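# Coordinates in review
In case you want the letters, here they are:
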Amino acid sequence: MTARDREELLNDRYGDQPKPKQMIWNDHVERLLAHRSVRNFLSEPLPEGALETLVAAAQSASASSNLHQWSVVAVSDPEIKAQLAELSYSGSVGSKATYINEAPVVLLWVADTSRNHEISTNGGGSTEVYDYLDAFLMASIDTALAAQNAATAAESIGLGVCFLGVMRNQSAKVAELIGLPKYAYVTFGMCIGIPDPVRPSGVRPRPRQDVVLHHNSYNSERPTGWLEDYEKAFLQFRELLGMKQKTWAGSVRFATTMPYMDGRENLRDAVEERGYLLR
Ligand SMILES: Cc1cc2nc3c(=O)[nH]c(=O)nc-3n(C[C@H](O)[C@H](O)[C@H](O)COP(=O)(O)O)c2cc1C
């Protein structure tokens, strides 16, 4: 990549907002900065060896206490994908994630303490920790780290991904569909496939760095004008991609209303049903 390409990456990521001045560039950093979610795929299957590569990358992520508390279910059966698309939407504001059908593979990332629960039970050990919120959170965190490693690996071999939090909208039904044991639940899904060049996605801007980076202690005074500046970058991005105009603050406000949850307000019940008491 040329210096100009790298400058372009920063322009895409921050728009006209202040940009980091002292980047240490390499191929990996370039790839991370070029990330964009992909929802339009070619109908081709994943290349030979792609799934194994992604899982090896995922397994190379750090893991709390080396406990290996996640699994991944790779769904390529069109009928199961169609059912997942149906389950992505409970009928609230919004729509079904139909791109699930387009992706050759949907990965369901499972926070999975079922193996270790078995090991403890078989060894006559206590399983009390599974009653506590931390056990649930730890498995969820490890699952997300593994999935992000897989996403980065996927992008490095020319694939595109889109995470699917909507797989929690009807969590109990998704678990039933894929035959999940107790002490396991789908944290999120991930569409994966070859991006369609005719329907490309773009690099979504993020707020300038001093909004998220604090030194030594949290600074509650937000940088002056940051929201207005971010709104401009957000608007420019949407304009460029021909998307319907809306403000980012509007999205934040919608995301704090109940219709946004679209079924996830029942998640605690579904998770408790899976065996976690969340104490
Ligand atoms: C945990 C997680 C869940 C997500 N769930 C969905 C989803 O259900 N549907 C969707 O279209 N995008 C989903 N996304 C993608 C985000 O909308 C996207 O990452 C965000 O808008 C930033 O865009 P970018 O990834 O292109 O930079 C999810 C992202 C994450 C990290």
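Data block above holds the structure.
What comes next concerns the included structure. (Residues numbered from 1 in each chain as written. Predicted model: local features only at pLDDT ≥ 70, side-chain atom pairs only at ≥ 80, totals over all residues. Heavy atoms only, no water.)

## Observations concerning the pairing of strand β2 (residues 105–112)
With eight of eight residues buried, β2 is to be regarded as a mostly interior element. Going residue by residue along β2, you find Val105, Leu107, Trp109 and Ala111 tucked away on one face and Val106, Leu108, Val110 and Asp112 tucked away on the opposite face as well. Relative to β2, strand β1 (residues 70–75) runs antiparallel, the two being bridged by six bridges. Residue pairing in the sheet places Val73 in a bridge with Leu108 of β2. In this structure, β2 lies alongside strand β4 (residues 184–193), joined through eight bridges in antiparallel fashion. Residue pairing across strands places Leu108 opposite Gly189, the latter belonging to β4. (Buried < 20%, exposed > 50% of the residue type's maximum accessible area, 1.4 Å probe, protein only. Helix = DSSP H or I, 4+ residues; strand = E, 2+ residues; numbered from the N terminus. Pairing = 2+ DSSP bridges.)

## Here's the deal with the site of the ligand
The immediate surroundings of the ligand are formed by His35, Arg36, Ser37, Arg39, Tyr99, Cys162, Phe163, Leu164, Gly165, Val166, Arg204 and Arg206. In the model, an oxygen atom of the ligand is placed 2.6 Å from a nitrogen or oxygen of the His35 side chain. A distance of 3.3 Å is found between a nitrogen atom of the ligand and a backbone nitrogen or oxygen belonging to Phe163. Comparing atom positions with the cavity grids shows the ligand to sit within the largest pocket. For the shell around the ligand, the leading source of residues is strand β3 (residues 160–164), giving three residues. (Near = heavy atom within 4 Å. Polar contact = N/O pair within 3.5 Å; in protein donor to acceptor, adjacent residues only side chain to side chain. 1 Å grid on protein atoms, 1.4 Å probe; cavity = no way out; pocket = protein on both sides within 12 Å on 5 of 7 lines; lining within 4 Å. Sits in = over half its atoms within 2 Å of the grid points.)

## Thoughts on the sheet that holds β1
Across the sheet, four strands lie side by side as β1-β2-β4-β3; this open sheet has antiparallel pairing. The open sheet terminates on both sides in strands that have one partner only, identified here as β1 and β3. Direction aside, neighbouring strands of the sheet carry axes that sit 25 degrees apart on average. Of the strands in this sheet, β1, β2 and β4 touch helix α3 (residues 50–59), which is tilted by about 165 degrees from β1. (Axes fitted to C-alpha atoms, helices over the stretch in contact; angles between N-to-C directions. Contact = heavy atoms within 4.5 Å.)

## Some details on a nonpolar patch on the surface
A contiguous nonpolar patch, built from Leu133, Leu137, Ile141 and Leu145 and spanning about 330 Å² of accessible area, is present on the exposed surface. Inspection of the secondary structure puts Leu133 in helix α7 (residues 133–156). (Patch = residues over 30% accessible without salt bridge, like charges linked within 9 Å, V, L, I, M, F, W, Y side chains within 5 Å. Areas by Shrake-Rupley, 256 points an atom, 1.4 Å probe, with all protein chains shown as cover. Salt bridge = Lys/Arg side-chain N within 4 Å of Asp/Glu carboxyl O.)

## Some details on the environment of Arg274
Within the element layout of this structure, Arg274 appears in the segment after α13 (267–273). Residue classification places Arg274 among the buried positions, given a relative accessible area of 13%. For Arg274 and Leu9, which are 265 residues apart along the polypeptide, the C-alpha to C-alpha distance reads 43 Å. Contacts of Arg274, omitting those with residues within four sequence positions, involve Ala175, Leu180, Pro181, Lys182, Tyr183, Ala184 and Tyr185.

## Section: the side chain of Glu30
Mapped onto the elements, Glu30 comes out in helix α2 (residues 27–33). By relative accessible area, which is 8% here, Glu30 ends up buried. Beyond its immediate stretch of four places on either side in the chain, Glu30 contacts Met1, Arg6, Leu9 and Trp25.

## Focus: the nonpolar core
Counting residues in each nonpolar core, the largest one holds 22 residues, and the members touching the most others are Leu84, Ile100, Leu108, Met167, Val186 and Cys191. Sorting the residues of this core by element identifies α4 (78–87), β2, β3, α8 (171–177) and β4 as the ones contributing at least two each. If sequence neighbours within four positions are ignored, Cys191 has contacts with Phe41, Tyr99, Ile100, Ala103, Val105, Val106, Gly160, Val161, Cys162 and Leu164. Residues Ala57, Val105, Ala153 and Val161 belong to the second largest nonpolar core, which totals 21 residues. (Core = buried A, V, L, I, M, F, W, Y, C linked by side-chain atoms within 4.5 Å.)

## Here we look at the layout of surface pockets
Empty space within the largest pocket amounts to approximately 1600 Å³. If you trace the largest pocket, you find 49 residues lining it, with Arg39, Tyr99, Arg204, Lys246 and Tyr260 closest to the centre. Those elements that provide at least two residues to the lining of the largest pocket are β3, α10 (226–240), α11 (248–254) and α12 (258–261). Looking at the lining of the largest pocket, its residues break down into 25 nonpolar, eleven polar and 13 charged. (Points joined across faces, edges and corners; volume = space filled by probe spheres on them. Nonpolar A, V, L, I, M, F, W, Y, C, P; charged D, E, K, R; others polar.)

## Things to note about helix α6 (residues 114–122)
Within the span of α6, buried status applies to Ser114, Asn116 and His117. One side of α6 carries all its buried residues, which in axial view fall inside an arc of 165 degrees. Within α6, the exposed residues directed more than 90 degrees away from the buried face are Ile119 and Asn122. At the C-terminal side of α6, Gly124 shows a positive phi close to 75 degrees. (Arc of directions from axis to C-beta.)

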